[in-house]
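Here is how the chains run, residue by residue.
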Amino acid sequence: MKAPRLIGCDVRTMRNESLEILGNSEAIAVNQDKLGVQGKKVAGGGDGKVWCSPLRHGRVAVVMWNRGSSPASITAKWIDVGLQPSAVHETTSSVRERISAVVDTHACKMYMLTPNGTDVGYPTLDRRRSKAGRRASEPSRERARHDSSHGRSWNTWNHFYCNINKTVIRESADALVSTGLAKLGYRYVNIDDCWAEHDRDSKGYLVPRKSTFPSGIKALADYVHGKGLKLGIYSDAGSRTCSQTMPGSLGHEQKDAETFASWGIDYLKYDNCNNGDLKPMKRYPAMTRALMSTGRPIFLSLCEWGDMHPALWADKLGNSWRTTMDINDSWESMVSRADQNEVYAEHARPGGWNDPDMLEVGNGGMSNDEYIVHFSLWAASKAPLLIGCDVRNLSKETLAILGNEEVIAVNQDPLGVQAKKVRMEGDHEAPLLIGCDVRNLSKETLAILGNEEVISVNQDPLGVQAKKVRMEGDHEVWTAPLSGYRTVVVLLNRSPEFRIITAQWDDIGIPPKTVVEARDLWKGIDYLKYDNCNNGDLKPMKREEVREQSESQCAPPCLQDVPIDASSSIRIG
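Rules used in this analysis
- Residues numbered from 1 in each chain as written.
- Predicted model: local features only at pLDDT ≥ 70, side-chain atom pairs only at ≥ 80, totals over all residues.
- Heavy atoms only, no water.
- Buried < 20%, exposed > 50% of the residue type's maximum accessible area, 1.4 Å probe, protein only.
- Helix = DSSP H or I, 4+ residues; strand = E, 2+ residues; numbered from the N terminus.
- Pairing = 2+ DSSP bridges.
- Contact = heavy atoms within 4.5 Å.
- Axes fitted to C-alpha atoms, helices over the stretch in contact; angles between N-to-C directions.
- Core = buried A, V, L, I, M, F, W, Y, C linked by side-chain atoms within 4.5 Å.
- Salt bridge = Lys/Arg side-chain N within 4 Å of Asp/Glu carboxyl O.
- Disulfide = S-S within 2.5 Å.
- 1 Å grid on protein atoms, 1.4 Å probe; cavity = no way out; pocket = protein on both sides within 12 Å on 5 of 7 lines; lining within 4 Å.
- Points joined across faces, edges and corners; volume = space filled by probe spheres on them.
- Nonpolar A, V, L, I, M, F, W, Y, C, P; charged D, E, K, R; others polar.

**Student:** Please clarify how the pairing of strand β18 (residues 475–482) should be interpreted in this entry.
**Tutor:** Each regular strand shows side chains that alternate between the opposite faces of the sheet. Counting buried positions along β18 gives six out of eight residues, so the element sits mostly inside the fold. The pairing of β18 with strand β19 (residues 486–493) spans eight bridges and is classified as antiparallel. Residue pairing in the sheet places Ala480 in a bridge with Val488 of β19.

**Student:** Any chance you could explain the sheet that holds strand β16 (residues 386–387) here in plain terms?
**Tutor:** With parallel pairing, eight strands are arranged side by side in an open sheet as β15-β14-β13-β12-β11-β10-β9-β16. Of all the strands in the sheet, just β15 (353–355) and β16 have a single pairing partner and so form its edges. Taken together, the four bridges between strand β12 (residues 267–271) and strand β13 (residues 299–302) define a ladder with parallel strand orientation. Within β13, the residue paired with Tyr267 across the bridge is Phe299. Taken strand by strand, helix α9 (residues 280–294) contacts β12 and β13, and its axis lies near 165° from that of β12.

**Student:** Just checking my understanding: could you explain helix α7 (residues 216–226) for this structure?
**Tutor:** Every α-helical turn comprises 3.6 residues, leaving residues that sit three or four positions apart pointing alike. Taken as a whole, α7 has its buried residues at Gly216, Ile217, Leu220, Ala221 and Val224. The inward-facing, buried residues of α7 abut α6 (166–178), β10 (188–190), β11 (230–236) and α8 (253–263). Looking one or two residues past α7, Gly228 carries a phi angle of roughly 80°, positive in sign.

**Student:** I would appreciate a short explanation of the nonpolar core in the present structure.
**Tutor:** Side chains of nonpolar character tend, in soluble globular proteins, to be buried together. Formed by 65 residues in total, the largest nonpolar core has its most connected members in Tyr186 and Trp195. Of all the elements, α6 adds the most residues to this core, at five residues. Excluding its chain neighbours within four sequence positions, the residues that come into contact with Trp195 are Ile164, Leu206, Pro208, Arg209, Phe213, Ile217, Ile233, Tyr234, Met246, Phe260 and Trp263. Ala76, Trp78, Ile99 and Ala101 belong to the second largest nonpolar core, which has 14 residues in total.

**Student:** In this structure, what is going on with the environment of Asp33? I would like to understand it.
**Tutor:** Looking at the secondary structure, you find Asp33 in the loop between α2 (25–31) and β1 (40–43). Residues Asp33 and Arg56 lie 23 residues apart in sequence; the distance between their C-alpha atoms is 6.9 Å. Apart from residues no more than four positions distant in its own chain, Asp33 is found in contact with Lys2, Leu55, Arg56 and Arg59.

**Student:** Just checking my understanding: could you explain the side chain of Ser53 for this structure?
**Tutor:** Inspection of the secondary structure puts Ser53 in strand β2 (residues 48–54). Here Ser53 falls in the buried class, since its relative accessible area comes to 5%. With residues up to four places along the chain from it excluded, the contact list for Ser53 reads Lys2, Val37, Gln38, Gly39, Arg59, Val60 and Ala61.

**Student:** Just to check I follow, could you spell out the pattern of salt bridges for this structure?
**Tutor:** Should the charged atoms of two oppositely charged side chains come close, the side chains can pair. Scanning the entire structure with this criterion turns up 14 salt bridges. Salt-bridge contacts for Arg200 lead to Asp256; the nearest nitrogen and oxygen are separated by 2.8 Å. On the criterion of sequence distance, the pair formed by Arg200 in the loop between β10 and α7 and Asp256 in helix α8 is long-range, its members being 56 residues apart. Classification of Asp256 by relative accessible area gives buried; the value is 0%. Asp326 is the partner of Arg322 in a salt bridge, and the nearest nitrogen-oxygen pair spans 2.7 Å. What makes Asp326 partly exposed here is its relative accessible area of 41%.

**Student:** Where do I start with the state of the cysteines in this structure?
**Tutor:** As used in these notes, a disulfide is a covalent bond between sulfur atoms, one from each of two cysteines. What the rule picks out here adds up to two disulfides. A sulfur-sulfur separation of 1.7 Å characterises the disulfide bridge that pairs Cys162 with Cys194. Here Cys162, found in the loop between α5 (157–160) and α6, pairs with Cys194, found in the loop between β10 and α7; they are 32 residues apart in sequence, far enough to count as distant. The exposure class of Cys162 is partly exposed, given its relative accessible area of 29%.

**Student:** Looking at this structure, how should I read empty space enclosed by the protein?
**Tutor:** One simple way to see leftover space: roll a probe sized like a water molecule over the atoms. Counting across every chain of the model gives six cavities of 30 Å³ or more. If you add up the space inside the largest cavity, you get close to 70 Å³. As for the largest cavity, its lining consists of Asn155, Asn190, Tyr267, Lys269, Ser301, Arg322, Asp355, Asp357, Met358 and Leu386. Partitioning the lining of the largest cavity into residue classes produces three nonpolar, three polar and four charged.

**Student:** Teacher, can you tell me more about the pairing of β2 here?
**Tutor:** Counting buried positions along β2 yields six of seven residues, so the element is predominantly enclosed. Across three bridges, β1 lies against β2 in antiparallel orientation. Residue pairing across strands places Lys41 opposite Trp51, the latter belonging to β2. Where β2 meets strand β3 (residues 60–66), seven bridges bridge the pair, whose relative direction is antiparallel. Directly across from Cys52, in β3, lies its bridge partner Val62. Where β2 folds back on β3, the antiparallel hairpin that results is connected by five residues, among which His57 adopts a positive phi of roughly 65°.

Keep in mind these numbers describe shape, not what the thing actually does.
The structure is reproduced here in C-alpha cells:
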C-alpha cells in the first residue's frame, strides 16, 4: 500500500513474532520502493484476494490474502498482475504464468516477482519501470535502465496533416539527429493519419499507401531504427480513421497489432473517430490486449480527446491519454488545453501521463514568447513532448525552445508529479458574477439572470460541479447530481448548425430501469414521464434547461434525439 509505517503497539514489550513482522526488511523494501506506486486489488472473488504493486527494475510485489474463516487456495495469474503470459519470474524458484498458494485463515502470502532474463511484462500495462517511466515496458532491466526517452516524439499531423510520404519521414528522422534533438531524447518518429490505402487487402490486413510509402512501413522502420530512433504509427478505435481515408482498427485489433509488431513499430497513437457510439472503455482494451500478446514493447497513446475522462480509467490500458480535443496553433487553443489538462493532474504519474495534445511550437501561429509559455506549461505538466512542426526547417528560436535542456529536465524529472495551478489572480470567471450594466437590462437579459430554477441549480446544496460525460464532435452532454435524487443535464451544441443530441441514461448516471420527469427550466414546461427513447423526442429549442427526477422502476435508456438549434445553445435535463 506504500502507507506510512506507524507502529501502534508497545515497542518496550514486543514479542519475537511481532518484531519479525515489523522488522521484515524485504517487506519494508516493498513499502519504500522508489517507484512509489500503491498496491491495488487486481483479482479475487469471495474471500481470496490478490493485490499487486509494480516495483523498480521490473519487479512486482504480490500479496495473496485470505479473509475467510478456513484455508483457501489462491492463484495470482500473470494477466492479473500485469505480466506477459510467457514471462519467467523468480520467487524462491522460477515460475511461469501464475503463482498459487494455500493461505491460512485470516493470513496472507507475499511474494516478490523478479524477472528471470525474459520479457518482464506487458508492453502497455507494466509501464512504471524505467527511471523516466513515460514509455512502454522493455524486455530487460538493462534496456529499461538506460532508456530515458520519456515518450518524446515528433509527429506529422500538426504541420503536414495528410500530406505525408516516405521522404518526409526519412528526412525528419535525419533532422532529429542532425539538429541534436535526438540526443535530447526526441526518439520517436511518429506517422499520423493517412498512411494506408483506403481499404484492407483481401485477407483483411492494412496496406501502406503505394503512392506515398512504396517500400512499405517495415523498410521505413528499418531506416529509422538505423538512426537510433523509434518509429510510431497511427490507427483508430473505430471503423475508419478521422481523415476517413483509411480503415480503423475496431474489430481488427489483433491482426493490426501483429502487423505493427512485425513491421517493428514502437509507438501507436490510437484515435477515437467513427466509433459507432461504443464507449471507449469497451473499445480500447481490445487493442491493449492485442499489443500485449505480440510481446513487442509498443508505447500506447490513447487519443480519446478527454471525452469520457480517460485519466480516471486509462492507466491500465495505455502509457498516455489525451485529456483534450485537438489543439490548434493559437494562444487561445493552447492555454485552454493547458487548463483542461490541469484538472487531471493528480492522475498523472510515472508510466501513465495526461496528454494535452501535441506541441505547436514552430508552426508560426503564436509569438516566440507564447511558444515559450506553451513549452513551459507542457514541460511542467509532465506532458509527452510531441514536436508538431517541420523539424527539417527549424528556426534558431524554435530549436532553442525545443532543445532547452533544463526545461526538458523538468519534464523528465523522475518524481513525475504534474504541475498544478496554486494561485489565480486577475480577471477570471467566477460563479454567477453579473458583468453587464444592470441599470439598463433588457427583458431578455433579466429573464436569463433572474431565472430562479436555473439559479437553484447553481445553488443546490449538494454542490457537485457538472462534468462533461459525452463529447461527439461539436455537441456535448454535461451532467451533475442534485439534492433530492435529481440530476441536471446540459446538452450543448457548439456548432453553428442544427444538431440532434442524445443523452444516454448510462452517461447521466441514471439507472437503466428508471422513469423520469423532465422540466424545461427556460420554458417552464414539465414533460411527460420518459418510459422509452421515442417518448424523448422534443421540439427544437434554444438555451434550455431541464431537471430530471428519478421516479420508479421502468426502462428509458436515454433522452433521445433532442434537437438543439443554433450555436452555443444548451439544454439541461
